Every structure is written in C-alpha cells, then in structure tokens.
Amino acid sequence: QYVVECMIHYSDNTATKMLIDYLGKENINLTMRQIGLQKTVIGNSDLLKAEGLNYSSSRDMTLLLSKLSKGQVVSAKASREMLLILSQQKYRWGIPKPVPSDVLVANKTGTLNGIKHDCGVVLMKDSPYAISVFTSGFPSSYKAMGIISSLSDTVFKWAMSKSAS
C-alpha cells in the first residue's frame, strides 16, 4: 500500500513504474478495456520515456472515476479505500482548489512534457460528480493549472445550483 500511496500522494514515477512492472502492462491494459476504457493504454512503465506510448482520455478517466465512486470497478470497500487514497493527494492546485474544504475531493494530477491534467471525483452529498481536464500546448504550466482550476470552479457552481433546485 505504501507504493500506491507514493504514486498517488506524491506523483512518484518510481512507485508508478514499480506497480506497472509488478502488475504487468498487459494485465493493466486488459483490465482497463474490461472496465470500458477505450483510449487508455500503458505502453511503457518508464513514464519519462513513455511519450506516445502511454495515453488516455478525459472521457476514460471520468468514466473510471465515476464507476469507482459507485463501487462498480472493485468491491465497495476497496473503492472507498481507493477514494480515500486519492483524497490525500498532495497536489491540490486543480479540481480541489475552488471546492470548499468540507467537500471531499478525490483527485490525481499529472504533468509530462507540456501536459497538465487533473482527474477527480467531487463527493458532494446530494450530487457527486467526476471531472477530468487534460491540457496541452500551454506556454506556461501555471496558465494550464489556472484553466483546470477555473473549469473546476464552473462545474462545482453548476453542480451546487443543480443540487439546490
């Protein structure tokens, strides 16, 4: 569990490589397809040399997180444990930033060569939702981070208005 926590909490690439090597790329890819993810592939466990070999989509990550929040990926107990680990991720600049601290956000950020993303579940009591934002091509990582946070704020305000009606 320590390796998983390092991978999620600190975006530790060594921990990620260890888990991919332990589980096997083929097993991970098969599981992703079984879950319904169509554009998520692990082609290389070395994340620093994986450009063009590892890929995903915001749709796939939103689907995965939505299913996880509903206990449809693994058991309900394992799902709760995974969401708890995701909620303790240390990088809170994206989806969690505009969300009030009393609302649990389980998210995972990522950064690679001009790419920034954040994927998460905002666990509002009446209307939890999953959101994934992928960016690329921004001249500044800070600009991409601001866009992700701004989109999260817009979606959170929309979800609040829907739950109030």
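Scroll up a little and you will see the structure.
If you're wondering where the values come from, they're calculated on a predicted model, not measured in any experiment.

A.B. asks: Just checking my understanding: could you explain the overall build of the protein chain for this structure?
C.D. replies: When its secondary structure is counted, the protein chain shows six helices and three strands. Listed N to C, the secondary structure of the protein chain is α-α-α-α-α-β-β-β-α in terms of helices and strands. In terms of its C-alpha atoms, the protein chain occupies a principal-axis envelope of roughly 45 × 40 × 30 Å. Taken over 165 residues, the protein chain has a buried fraction of 37%. Taking the contacts inside the protein chain whose residues are at least 6 apart along the sequence as the reference set, 41% of them involve residues at least 24 apart. For the protein chain, the accessible area works out to roughly 9700 Å², and carbon and sulfur atoms hold 57% of it. Distance between charge centroids for the protein chain: 5 Å, based on 19 positive and 12 negative side chains.

A.B. asks: In this structure, what is going on with the side chain of Asp60? I would like to understand it.
C.D. replies: Within the secondary structure, Asp60 is located in helix α4 (residues 58–69). With relative accessibility at 0%, the residue Asp60 sits in the buried group. When residues no more than four places from it in sequence are discounted, the contact partners of Asp60 are Leu37, Gln38, Lys39 and Thr40.

A.B. asks: Where do I start with the side chain of Ser57 in this structure?
C.D. replies: Residue position: Ser57 is located in the loop between α3 (25–35) and α4. Its relative accessible area of 14% is what places Ser57 among the buried residues. From its side chain, Ser57 meets the backbone nitrogen of Asp60 in a polar contact 3.0 Å long. When sequence neighbours within four positions are dropped, the list of residues in contact with Ser57 reads Lys39, Thr40 and Phe134.

A.B. asks: Help me understand helix α1 (residues 2–10) in this model?
C.D. replies: Because an α-helix packs 3.6 residues into every turn, residues spaced three or four apart end up facing the same way. Those residues of α1 that fall on the buried side of the exposure criterion are Cys6, Ile8 and His9. In the core, the buried residues of α1 are packed alongside α2 (13–23), α5 (76–87) and β1 (105–112). Within two residues after α1, Ser11 carries a phi angle of roughly 50°, on the positive side.

A.B. asks: Where do I start with the layout of surface pockets in this structure?
C.D. replies: Where empty space is left becomes clear once a probe the size of a water molecule has been rolled over the atoms. Taken as a whole, the second largest pocket encloses approximately 170 Å³ of empty space. Lining the second largest pocket are Asp102, Val103, Leu104, Leu123, Met124, Lys125, Asp126, Met160 and Ser163.

A.B. asks: Would you mind going over the sheet that holds strand β2 (residues 115–122) with me for this structure?
C.D. replies: Each strand in a sheet pairs with another by means of backbone hydrogen bonds, the pair being arranged parallel or else antiparallel. The strand order β1-β2-β3 describes an open sheet built from three strands, whose pairing is antiparallel. Of all strands in the sheet, those with a lone pairing partner are β1 and β3 (129–136), marking the two edges. For this sheet, the mean angle separating the axes of adjacent strands, direction not counted, is 5°. Sheet topology places β2 next to β3; eight bridges connect them, and they run antiparallel. Looking across to β3, one finds that Cys119 is bridged to Ser132. Lying over the sheet, α4 contacts β2 and β3, oriented at roughly 155° with respect to β3. Across the sheet, helix α6 (residues 141–164) touches β2 and β3, and the angle it forms with β3 is around 155°.

Calculation rules
- Residues numbered from 1 in each chain as written.
- Predicted model: local features only at pLDDT ≥ 70, side-chain atom pairs only at ≥ 80, totals over all residues.
- Heavy atoms only, no water.
- Helix = DSSP H or I, 4+ residues; strand = E, 2+ residues; numbered from the N terminus.
- Buried < 20%, exposed > 50% of the residue type's maximum accessible area, 1.4 Å probe, protein only.
- Contact = heavy atoms within 4.5 Å.
- Areas by Shrake-Rupley, 256 points an atom, 1.4 Å probe, with all protein chains shown as cover.
- Lys, Arg positive; Asp, Glu negative; His and termini not counted.
- Charge placed at Lys NZ, Arg CZ, Asp CG, Glu CD.
- Polar contact = N/O pair within 3.5 Å; in protein donor to acceptor, adjacent residues only side chain to side chain.
- 1 Å grid on protein atoms, 1.4 Å probe; cavity = no way out; pocket = protein on both sides within 12 Å on 5 of 7 lines; lining within 4 Å.
- Points joined across faces, edges and corners; volume = space filled by probe spheres on them.
- Pairing = 2+ DSSP bridges.
- Axes fitted to C-alpha atoms, helices over the stretch in contact; angles between N-to-C directions.

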